[in-house]
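Reading the structure
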Amino acid sequence: MMMKSLFESWRRYINEGVDSRGLPIVNRALHSFDAFDFSPQDLASRRGEIKSSIAYQQSQDPTFVLDIKEIFSKTADDWVFIAVNSAELEPEDIENTAFREWVASKGYPENAKIVVIGSSPYPGDFSSTEWIAHDIIGHSAGRAFLESLGYPRGAGKWIEDNPWVGRMILKVHGYLVRKNVAIKKADMQFDMIYDIFASIILNDITWDEIKRAIVQGQIGLVAVEADTMEQIFNFCNEWVAQIPAGEPTVIRSW
């Protein structure tokens, strides 16, 4: 019996792989992409035009939901995204009783990262699943990172103040293109950085993989660039970790 148990453990180790702690890797996924409508009474105090959040329309298309779930097929967490009919939400708005009851009725996994999308798309934004993941995940995490560095207005000023940052972005983004990861759409340096953030969080690239690529000459990062990329990977882990499990959280892309 013991030999059989050891054999089963070995087989799982080989088939599933292990993480950095030696534990089996369990890929999770995007569990659900839903839409919620706040009532006019809930929005009565708002001023100006109320716009719906990124992917509000697409979230009601079953084909879109299936396609974007595929992009999230390698993530290390269960995710739930909720688009709403008003993107001008503050964290206290999701304490709304009707919203809370609706979330409770959905039966989401207890450990899921339940993200309420708090930003509207810009006019002319692309609406493919890859761009939407870029906007929701890449921009939200990237925005938080840049704010932590003192750049609340985006990556452009960071690149201007540190020319090597632009070179780092081009090198790593080129690797994403060669690897043909899902999120590789941007063609401007200041936007490519968000492809990188999304690809890290979606587990399309890992820090160990980037280190190997540096050693093998596939990515020619100099020391300061490699150190910054490690900082970005660590920040992505921290950003995901601070989203509480099972508790709706408003995130903003811009």
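If you're wondering where the values come from, they're calculated on a predicted model, not measured in any experiment. (Residues numbered from 1 in each chain as written. Predicted model: local features only at pLDDT ≥ 70, side-chain atom pairs only at ≥ 80, totals over all residues. Heavy atoms only, no water.)

Focus: the overall build of the protein
Scanning the protein from terminus to terminus reveals 9 helices and 4 strands. The N-to-C order of helical and strand elements in the protein reads α-β-α-β-α-β-α-α-α-α-α-α-β. Residues counted as buried form 44% of the 254 residues belonging to the protein. In the protein, the proportion of contacts linking residues at least 24 apart, taken out of those at least 6 apart, comes to 79%. Taken as a whole, the protein presents about 13300 Å² of accessible surface, with 52% of it coming from carbon and sulfur. (Helix = DSSP H or I, 4+ residues; strand = E, 2+ residues; numbered from the N terminus. Buried < 20%, exposed > 50% of the residue type's maximum accessible area, 1.4 Å probe, protein only. Contact = heavy atoms within 4.5 Å. Areas by Shrake-Rupley, 256 points an atom, 1.4 Å probe, with all protein chains shown as cover.)

Some thoughts on the environment of alanine 87
Relative to the helices and strands, alanine 87 is located in the loop between strand E2 (79–84) and helix H3 (97–105). Between the C-alpha atom of alanine 87 and that of lysine 51, which follows or precedes it by 36 residues, the distance is 5.9 Å. Excluding residues within four positions of it along the chain, alanine 87 makes contact with Lys51, Ser52, Ser53, Gly118, Ser119, Ser120 and Arg252.

What about the packing of aromatic side chains?
What the rule picks out here adds up to 15 aromatic pairs. Seen from their ring centres, tyrosine 122 and tryptophan 254 are 5.0 Å apart, and the 45 degrees between their planes marks the pair as tilted. Within this pair, whereas tyrosine 122 is found in the loop between strand E3 (113–117) and helix H4 (129–148), its partner tryptophan 254 is found in the segment after strand E4 (249–251), the two being separated by 132 residues in sequence. Assessed through its relative accessible area of 51%, tyrosine 122 is described here as exposed. Overall, the relative accessible area of 29% leaves tryptophan 254 in the partly exposed class. Arranged with centres 5.6 Å apart and planes meeting at 45 degrees, the rings of tryptophan 207 and phenylalanine 233 form a pair that is tilted. Here the residue tryptophan 207 occupies a position in helix H8 (residues 207–215), and phenylalanine 233 occupies one in helix H9 (residues 223–241), the gap between them amounting to 26 residues. Looking at phenylalanine 233, the relative accessible area reads 6%, which means it is buried. Here a set of aromatic residues connected by ring pairs shows up, and it is made of Phe33, Phe64, Phe72, Trp79 and Phe81. (Phe/Tyr/Trp six-rings, centres within 6.5 Å; stacked < 30°, edge-to-face > 60°.)

Concerning the confidence of the model for the protein
Summing up the model confidence of the protein, the mean pLDDT is 86 and the portion of residues at 70 or higher is 86%. For the protein, the element scoring lowest by mean pLDDT is helix H1 (residues 2–16), at 40; H9 scores highest, at 97. Between residues 1–27, whose pLDDT stays under 50, and residues either more than four places distant or in other chains, the model counts 14 contacts. (pLDDT = per-residue confidence, 0-100.)

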